[in-house]
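# Structural features, examined
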Amino acid sequence: TAAAPLGRSRLPPALESTLYLGLELASTPEARAALISGLSEAHVSRNRARAAAALPDIKQPNQEVLQALSQTAQAAVAESPDDTRLVRNAASFAMGALERRARESNPALAEQARTELRSSLASARSAQQQSAALDAIANSGHASLLRDVQPLMTSKEPLVRAHAIEAMGHMEPHANKELFASLIQNEPDPKLRGSIAATYAEQARRAQQDAPREVLDAAVQQLAREQDPRVKGLLIELIGPACATYAYAQQSLGAQFQRETDPMLLKLIGKYVPADRLGH
């Protein structure tokens with residue numbers, strides 16, 4: 001039946017993605033069962049990853065779906081180490097997506113998914129494993145997972161810090177507003193300082209609101225001492241939208257205009273501050 005064409009040798013490669021999309025859209029109990037079966041070692045790794053990605057999108061996912069994804073994320077073995085990582089990561093990412101999509105329709109299932117996400121992060125040992133677990137949490141974006149993410153924001157591994165920042169950035173802006181100042185002030189890598197500023201700016205854009213005052217206050221302070229031009233630009237983009245709401249945000253960019261020498265940053269400030277208010 002629906003599961004029959006998913007075998008390793010029966011499915012023409014050109015039809016693979018189409019079939020998995022069809023099962024996802026069908027969302028029948030039979031399609032769900034076929035996708036769960038598609039996670040098994042009977043299938044090539046690329047299709048196991050497709051099955052994992054499709055499962056959170058079916059209608060009425062259940063505990064069986066979560067259990068299958070969790071087992072795959074923890075113990076799947078594929079044709080090579082890279083393929084094993086592909087399948088495990090796809091299942092882990094899918095658990096994050098499942099949590100987000102089930103949050104209102106099936107709160108109990110979403111809570112179980114959050115427990116699995118926490119467990120995956122806690123058991124991760126290498127930087128790659130921690131980064132993958134953090135990406136799964138990013139797919140969820142549930143604010144309660146912040147306490148699990150936060151310790152890794154000070155990891156010795158820049159890769160892990162970057163993924164922790166990304167995971168945090170998918171949460172509601174007020175959930176992590178208190179973290180901005182210490183994160184950006186204590187981050188020695190300018191690339192990651194830029195990522196922190198961009199993350200908070202993107203949070204505010206997604207929420208269709210200005211960044212929280214705690215974030216703006218710290219961003220204004222950081223802009224005055226920041227040396228890296230790229231980070232300065234990202235801080236300006238974080239502060240800029242608030243100029244229409246808060247006079248001090250506009251004043252801070254006006255003051256930065258007076259001490260700035262980079263023409264691109266001067267132009268960027270002019271995007272947010274009227275010419276007659278620059279330097280005042």
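Here we summarise the structure given alongside this text.

### Considering helix α6 (residues 107-123)
The terminal C-alpha atoms of α6, which comprises 17 residues, lie 24 Å apart, in line with the 24 Å expected from a rise of 1.5 Å per residue. Within α6 the residues assigned to the buried category are Leu109, Ala110, Ala113, Arg114, Leu117, Ser120 and Leu121. Down the axis of α6, the buried side of the element spans an arc of 145 degrees, and every buried residue falls inside it.

### A closer look at helix α5 (residues 81-102)
For α5, built from 22 residues, the straight-helix expectation of 32 Å at 1.5 Å per residue is met to within 8% by its first-to-last C-alpha distance of 31 Å. When we look at burial in α5, the residues that qualify are Thr84, Val87, Ala90, Ala91, Ser92, Ala94, Met95, Gly96, Ala97, Leu98, Glu99 and Ala102. Looking at the packing, one finds that the buried side of α5 touches α3 (45-54), α4 (63-75), α6 and α7 (127-140).

### A word on the pattern of salt bridges
Enumeration according to the criterion identifies 15 salt bridges in this entry. In this structure, Arg103 engages Glu99 in a salt bridge whose closest nitrogen and oxygen atoms are separated by 2.5 Å. Given a relative accessible area of 28%, Arg103 falls into the partly exposed group. Linking Arg205 and Glu202 is a salt bridge whose minimum nitrogen-to-oxygen distance equals 3.1 Å. With Arg205 and Glu202 both in helix α11 (residues 190-207), this residue pair falls three residues apart, about one helical turn. By relative accessible area, which is 31% here, Glu202 ends up partly exposed. What you see here is one network of salt bridges that share partners, running through Glu16, Arg46 and Arg50.

Parameters at a glance
Residues numbered from 1 in each chain as written. Predicted model: local features only at pLDDT ≥ 70, side-chain atom pairs only at ≥ 80, totals over all residues. Heavy atoms only, no water. Helix = DSSP H or I, 4+ residues; strand = E, 2+ residues; numbered from the N terminus. Expected span 1.5 Å × (residues − 1). Buried < 20%, exposed > 50% of the residue type's maximum accessible area, 1.4 Å probe, protein only. Arc of directions from axis to C-beta. Contact = heavy atoms within 4.5 Å. Salt bridge = Lys/Arg side-chain N within 4 Å of Asp/Glu carboxyl O.

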